[in-house]
Structure formats: structure tokens, C-alpha cells
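Observations on the model geometry
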Amino acid sequence: MLQTKPQGLARKAARSTVSRVPAVVVRSVAATEQKTAAGAKPHNPPSSYGVFRLSYDTQNEDKSLTRNWKKTIKVAVTGASGNIANHLLFMLASGEVYGKDQPIHLQLLGSERSKEALEGVAMELEDSLYPLLREVSIGIDPYEIFDGADWALMIGAKPRGPGMERADLLNQNGEIFQLQGRALNEAADPNCKVLVVGNPCNTNALIAMENAPNLKRKNFHALTRLDENRAKCQLAMKAGKFYTSVSRMAIWGNHSTTQVPDFINARIGGVPATDLIGDMKWFREEFTPKVALRGGALIKKWGRSSAASTAVSVADAIRSLVVPTAPGDCFSTGVISDGNPYGIREGLIFSFPCRSKGDGDYEIIQDFLVDEYLRSKLRATEDELQKEKECVSHLIGMMGGSCQLRGAEDTTVPGEN
Ligand SMILES: NC(=O)c1ccc[n+]([C@@H]2O[C@H](COP(=O)([O-])OP(=O)(O)OC[C@H]3O[C@@H](n4cnc5c(N)ncnc54)[C@H](O)[C@@H]3O)[C@@H](O)[C@H]2O)c1
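Residues numbered from 1 in each chain as written. Predicted model: local features only at pLDDT ≥ 70, side-chain atom pairs only at ≥ 80, totals over all residues. Heavy atoms only, no water.

We now examine the state of the cysteines. Following the criterion strictly, the structure yields one disulfide and no others. Cys233 forms no disulfide, and the closest cysteine sulfur to it belongs to Cys330, at a distance of 17 Å. (Disulfide = S-S within 2.5 Å.)

The next subject is the UniProt feature "domain: Lactate/malate dehydrogenase C-terminal" (unreviewed entry) in the chain. Following the UniProt record, the feature "domain: Lactate/malate dehydrogenase C-terminal" (unreviewed entry) maps to residues 224-394 here. Taken end to end, residues 224-394 is 46% helix and 16% strand, and its first and last C-alpha atoms sit 25 Å apart. (UniProt positions renumbered as here; feature names shortened; annotations may be inferred. Helix = DSSP H or I, 4+ residues; strand = E, 2+ residues; numbered from the N terminus.)

Further remarks concern the environment of His255. When you line up the elements, His255 lands in the loop between β8 (250-252) and β9 (260-262). According to the relative accessible area criterion, His255 is buried, its value standing at 5%. In sequence terms His255 and Ala222 are 33 residues apart; their C-alpha atoms lie 8.1 Å from each other. Contacts of His255, omitting those with residues within four sequence positions, involve Arg166, Asn199, Cys201, Asn202, Leu223, Thr224, Asp227, Val413 and Glu416. At a separation of 2.6 Å, a polar atom in the side chain of His255 contacts the side chain of Glu416. (Buried < 20%, exposed > 50% of the residue type's maximum accessible area, 1.4 Å probe, protein only. Contact = heavy atoms within 4.5 Å. Polar contact = N/O pair within 3.5 Å; in protein donor to acceptor, adjacent residues only side chain to side chain.)

Here we take up the side chain of Asn199. The residue Asn199 is located in the loop between β5 (193-196) and α8 (201-210) in this model. From its side chain, Asn199 meets the backbone nitrogen of Cys201 in a polar contact 3.3 Å long. Setting aside anything within four residues of it in sequence, one finds Asn199 in contact with Ala157, Leu169, Asn173, Asn204, His255, Glu416 and Asn417.

With that settled, the discussion passes to the sheet that holds strand β7 (residues 246-247). In any sheet, the strands associate via hydrogen bonds between backbone groups, in a parallel or an antiparallel arrangement. Here we have three strands laid out as an open sheet, ordered β7-β10-β11, and antiparallel in their pairing. Of all strands in the sheet, those with a lone pairing partner are β7 and β11 (271-272), marking the two edges. When β7 meets strand β10 (residues 267-268), the two strands line up antiparallel, connected through two bridges. What sits directly across from Ser247, in β10, is Arg267. (Pairing = 2+ DSSP bridges.)

This next bit is on the nonpolar core. Membership of the largest hydrophobic core comes to 75 residues, with the highest contact counts inside it found for Leu92, Leu106, Leu108 and Leu235. The leading source of residues in this core is helix α4 (residues 83-94), at eight residues. When residues of this core are assigned to domains, at least three map to each of domain 1 (70-222) and domain 2 (225-395). Dropping the residues within four chain positions of it, Leu106 is found in contact with Val75, Val77, Leu89, Leu92, Leu125, Leu133, Glu135, Val136 and Ser137. (Core = buried A, V, L, I, M, F, W, Y, C linked by side-chain atoms within 4.5 Å. Domains from an automatic or database assignment.)

Our focus in this paragraph is the site of the ligand. The environment of the ligand is made up of 24 residues, and the closest members are Asn83, Ile84, Ser111, Val197 and Asn199. The separation between an oxygen atom of the ligand and a polar main-chain atom of Ile84 is 3.0 Å. The contact in question runs from an oxygen atom of the ligand to an N or O atom on the side chain of His255, over 3.2 Å. Only α4 and α7 (166-187) provide two or more residues apiece to the shell around the ligand. Within the shell around the ligand, the residues separate by chemical class into nine nonpolar, 14 polar and one charged. (Near = heavy atom within 4 Å. Nonpolar A, V, L, I, M, F, W, Y, C, P; charged D, E, K, R; others polar.)

Written out as C-alpha cells, the structure reads:
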């Protein structure tokens, strides 16, 4: 039977500024008390929204449904009322991302302007009656919304205004990721996995990471999975095979038009893609632009950005960390380049071919062949990331950086901000 929360707890929650709904759940309070005792900056846990403020008792629920459930995980999502989140949240709540035995608490962050919209999102989630969705909290304070987060999916970012260069976008959104990095540092679980989607996502991930020293550097990711998925689709079409036959399809470097979709190491049905397709001119001149410019091509047809396939790629990126990688395969993700085996300079968030045992951790695969052609492409995307880093030096405590990207060619992936 559902019961309302005890009054004392409701009073405690009424102090929170997150939601107008004055209630909170017992275990969130306990988590905050532990953090405060450990010396972290005190902050309120987020209040539960609507139906989620009602207590539940899994003991009294249908055992065939809940018997093998794991402990509830807290997943914070920023930009939660935006286009990508509009697809992703329902995938997360349904269990298709973390598993059908994984109950979930969604902690949704919006901006001041999207406060009302966030309530609409929470109402949609309420009405969807997902059994695994145990709690939803909404708010605009990252310190509250990141409370105890096991995962932080950082989608929220401001779009580029008229006349703004990529360098301006780096600065504008960099400030958001500096603040949110600090909030992660104070509030999130130290083992929190962070996936940055908001652009420019590699450098935003770097900024968040550098501002969150309590979290593991290794746990910060920038989304390059959409590029990988697009590359797989293009290879499959060219080879006349279905995309399930494509493996070892890595994206290297930045999520920009300098990205490097690696056809040298890709396989189709276990055979090197270059052998099967046998058209190096196509690989060198058409394949990469087809992948990098796909979002722009889609917008021209439909008038909308590729929010749905981006959400799918976020789901894929998460699953790649919680499900073991198939033997011989890889997945692409932008991660810290420290100690990488390919000679990429340290201190950048750079996309590499990776594999995982399915425990949330990963390793960079060591045995990809890097020929002269690939090496020159890697250098170009690496140089761009280094320049982006220097443009945001003031946000990551780095001395002496100067922004050389002003007036440079715009390398933003078309169809994105
Ligand atoms: N890495 C990738 O592959 C990839 C692909 C597509 C889009 N993107 C990027 O993802 C981002 C989101 O795309 P979208 O289509 O969902 O955009 P959107 O404009 O529909 O949604 C963004 C949301 O973020 C919110 N927001 C703005 N500032 C915020 C802040 N400080 N804290 C929390 N929320 C904030 C806005 O209110 C808005 O609701 C963009 O930066 C886009 O360029 C990345």
C-alpha cells in the first residue's frame, strides 16, 4: 500500500528550493548526513516529485517482479527538458539501458528558464508507470541534483547565439561545466560515471573533470558514440551488409569535423573493411565527411536535429560500460588521454577505441594499427583539442593558455550547436 512520507521529513524537505513538492525520501537524507559528516559542503538532497514522493515497500510488491532487483541507482541528467533528454529519459526509465533488474532514481537538472518544462517532463514520467522508475527529482541547483549520483549524463548546454564563434561557445558553455564540475565534486558519489553530451563535449568534459578532483579522471567521458554509429551505418551501406556485421569501428579524437572515423581497423563480417570495400578513394574522400556531416544532412531533410539517434547513442555508450564488450570488438568514447598507448599528449579528453568488462570501467585497446595516414589525422584532431584546452585555461586552473581558435574554421558538427 502507498503511504505519504512522515511529517518530520516533509518539513525538512520544505527547506529545499528544488521543487514545490515538500517531501523527501529517507535514504537521500541519510546519504547527505554521511557526506556532511565527512566534511563536504552541506547541501540538501533533491525533493521527490509528485507520485514519487509517496513511500513504497518492495516487500509488498509482486515478488516475481522485484525479487532479483539490484540496489537503486541515482542517475542525474542535465538539460532534462531538452530534445535529446526527451528521448533518453524514457529509455532509462524503461530498463533498456541499465537492465530490467535495475531500479533507478532520475535526478533531473534544468536551467532557470526551463523550470516549468521540467515539471512537464516529470509528469510524463509519472504517467508512464515504469515499474523500475522508483524516484524522480527535479531542480535547477546542480549541488542538489548531483546528490549521491552514480551517473551524471550532462546534456544541458546553451545553444550558440547569432554571430558566435566556436571559441565563444567554448567559453559560454565552459562556465556551465566549471560550475557543474564543482557541484559533482561536492555532491556526487566519488565513483560517479560522467558522460558529457553538451557541446563542445570533449572540452566540456575536460573542464568538468578538472573541477572535480574527488572523482576519478578515468570516469569522465565525452560522447563520440553517435559518430561511431553513423560510421557503422555508412560502412554497412557501402558494403551491402547489415550494420550488425560491422565491428572494431573506432572514432578517434574530437567530436567535431576533425574527428577520425577509423576505416583502417574496422571489420565487416570479420574481414578488414578496406579489403571488402576495396575503394581507398571512397574511404579517404567520402567516408569521413559522410559521417561528420550526417547531422547537417538530416536537418536539411527534416528540419530537426538528430535528437533521437543521439539519445540512442547515449544509451549505447552507457551499455558499453555496463555490458562486457564482445571479444575482438571495441567501442568509442572520449576519455582522458593520460597514459594512452598511441602517443597522444596527456591531459586531453580524446576519443579512443575501448573495451569494458561490463563493470563500469574500461581500458583503451592497445593493438589498433596506426599507419601514416591515420597518424596525420590523429595529429590534426589532437592539435584542435589542445587549442580548445588553451581557450578554456582560465576555467581549469591552467597557466598561460591563449585562445588561437578565434577566426579559425568552424569545426562544429553540422546540426549541433
Ligand atoms: N556529442 C554529441 O554527439 C551530440 C549530438 C547532438 C547534440 N549534442 C549537444 O547536446 C546538447 C543538447 O542538445 P539538445 O538537442 O538536447 O538541446 P536543447 O536545446 O533541446 O536542450 C538543451 C537543454 O539544456 C538546458 N540547459 C541550458 N543550460 C543549462 C544548464 N546550465 N544546466 C542545465 N540545463 C541547461 C536548456 O534549458 C535546454 O532545455 C547541445 O549542446 C548539442 O550540441 C551533442
